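Architecture and fold: a report
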Amino acid sequence: MTQTLTLRRPDDWHVHLRDGAMLADVVNHTARQFARAIVMPNLKPPVTTVEMGRAYRERILAAVDPSLDFTPLMVAYLTDTMDPEVMRRGKNEGVFTAAKLYPANATTNSSHGVTDIKNIHEVLDAMEDVGMPLLVHGEVTHKDVDIFDREAVFIDEVMVGLVKEHPNLKVVFEHITTQEAADFVTEAGENVAATITPHHLRYNRNAIFEGGIRPHYYCLPIAKREKHRLALRKAATSGSSKFFLGTDTAPHAVGAKESACGCAGVFNAPFAMESYALTFEEENALDQLEKFASINGPRFYGLPLNEGKMTLTKRDQLVPERITLSETDIIPFHAGETLGWSVS
Ligand code: DOR
Ligand code: ZN
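As named in an unreviewed UniProt entry, the chain is Dihydroorotase, taken from Litorimonas cladophorae. You can read under Subunit (unreviewed entry) in the UniProt record for the chain the words "Homodimer." Word for word, the UniProt comment on the chain under Sequence similarities (unreviewed entry) is "Belongs to the metallo-dependent hydrolases superfamily. DHOase family. Class II DHOase subfamily."

1. Topic: the coordination of the zinc ion (ligand 2)
Looking at the zinc ion (ligand 2), one finds its protein donor set to be His-14 (NE2), His-16 (NE2) and Asp-248 (OD), positioned 2.0 to 2.1 Å from the metal centre. In terms of primary sequence, the donors binding the zinc ion (ligand 2) are separated according to H-x1-H-x231-D. On the criterion of sequence distance, the pair formed by His-16 in the loop between β2 (12–15) and α1 (20–33) and Asp-248 in the loop between β9 (243–245) and α9 (254–257) is long-range, its members being 232 residues apart. Summarising the burial analysis for this pair, His-16 and Asp-248 share the class buried.

2. With respect to the site of ligand 1
In the vicinity of ligand 1 there are 13 residues, among which Arg-18, Asn-42, Thr-107, Leu-220 and His-252 approach most closely. The separation between an oxygen atom of ligand 1 and a polar main-chain atom of Gly-265 is 3.3 Å. Surface burial for ligand 1 is 100%, taken as the share of its 290 Å² of free accessible area covered by protein chains. Using a 2 Å cut-off from the grid points, one finds that ligand 1 occupies the largest cavity. Each residue belonging to the shell around ligand 1 can be placed in one class, and the counts come to four nonpolar, seven polar and two charged.

Reading guide: rules and limits
- Residues numbered from 1 in each chain as written.
- Chains lettered and ligands numbered in written order.
- Predicted model: local features only at pLDDT ≥ 70, side-chain atom pairs only at ≥ 80, totals over all residues.
- Heavy atoms only, no water.
- UniProt positions renumbered as here; feature names shortened; annotations may be inferred.
- Donors = N, O, S within 2.8 Å, 3.2 Å for Na, K, Ca; no water.
- Helix = DSSP H or I, 4+ residues; strand = E, 2+ residues; numbered from the N terminus.
- Buried < 20%, exposed > 50% of the residue type's maximum accessible area, 1.4 Å probe, protein only.
- Near = heavy atom within 4 Å.
- Polar contact = N/O pair within 3.5 Å; in protein donor to acceptor, adjacent residues only side chain to side chain.
- Areas by Shrake-Rupley, 256 points an atom, 1.4 Å probe, with all protein chains shown as cover.
- 1 Å grid on protein atoms, 1.4 Å probe; cavity = no way out; pocket = protein on both sides within 12 Å on 5 of 7 lines; lining within 4 Å.
- Sits in = over half its atoms within 2 Å of the grid points.
- Nonpolar A, V, L, I, M, F, W, Y, C, P; charged D, E, K, R; others polar.

Structure (structure tokens):
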């Protein structure tokens, strides 16, 4: 008998849709699977004003296939000089759903990010006031901290103080990669949650170096040891309402990844739900997938659950080796693999 799984339509609480030609090429991969998505603001230049957020939303909507029902949720990019008024106006005018903290130079297009959390205290007060979630790229950036320790050190140096000083601020620890982060979120108050990507659930840091450098497995935060991957799988499938779906789909042209200085990011949008389904099936937790993908996120953000449905069928499908786009090709996550699930 064919096995099927029907869920409320899921949302993706962390995507990079880019801009220009790339936006048009990638957005429908997300819109086909997800009803809503939290859209990261790390464009060049970054999305730092209400006007920029509104204009970016319009460019996204213009690129979405009109037969798809998709709502982009916009995010402000925090800088050292962000005016707290942008948070209030962005929320009141229905433009910004959240704001993103990129520590300066932590990742792609983050050079305008925050150099010291002290610089944004008033912004955080305003967000706490209006109930706007803070989305955190949780890595320290000092050169003396090993790349594999940057998330754990960030918890001690920044996260602990942040949640203590802003006890009512909603905080999403984005794309967590460590046991330490999963434990921190589990033990924190109800106002602290985390997203988990499909790729951090499927491979550990060995994948990046297997027989040579494999740039398509490189992303930030970088994948960690196996014990951390296992902790993430446990957290995602635990049924805890604090963990929800955020793919961090981050497309880069094939040449920008396969380069002497390759970009960080995994393009997982085309088969995201199939990938999560495989992981939940392996963990004997398919009954928890709907909570993770479709319920915990909107509850945390205070948004309604989606009314539409998605059906996943246990049927093999081959992921293409590359996805040919109008301007440039991208290698998708799971390239060349056969996945045991298909979104129907
Ligand atoms: O791997 C990543 N890619 N991590 C990020 O934080 C940013 C993203 C991107 O924009 O390419
Ligand atoms: Zn991201």
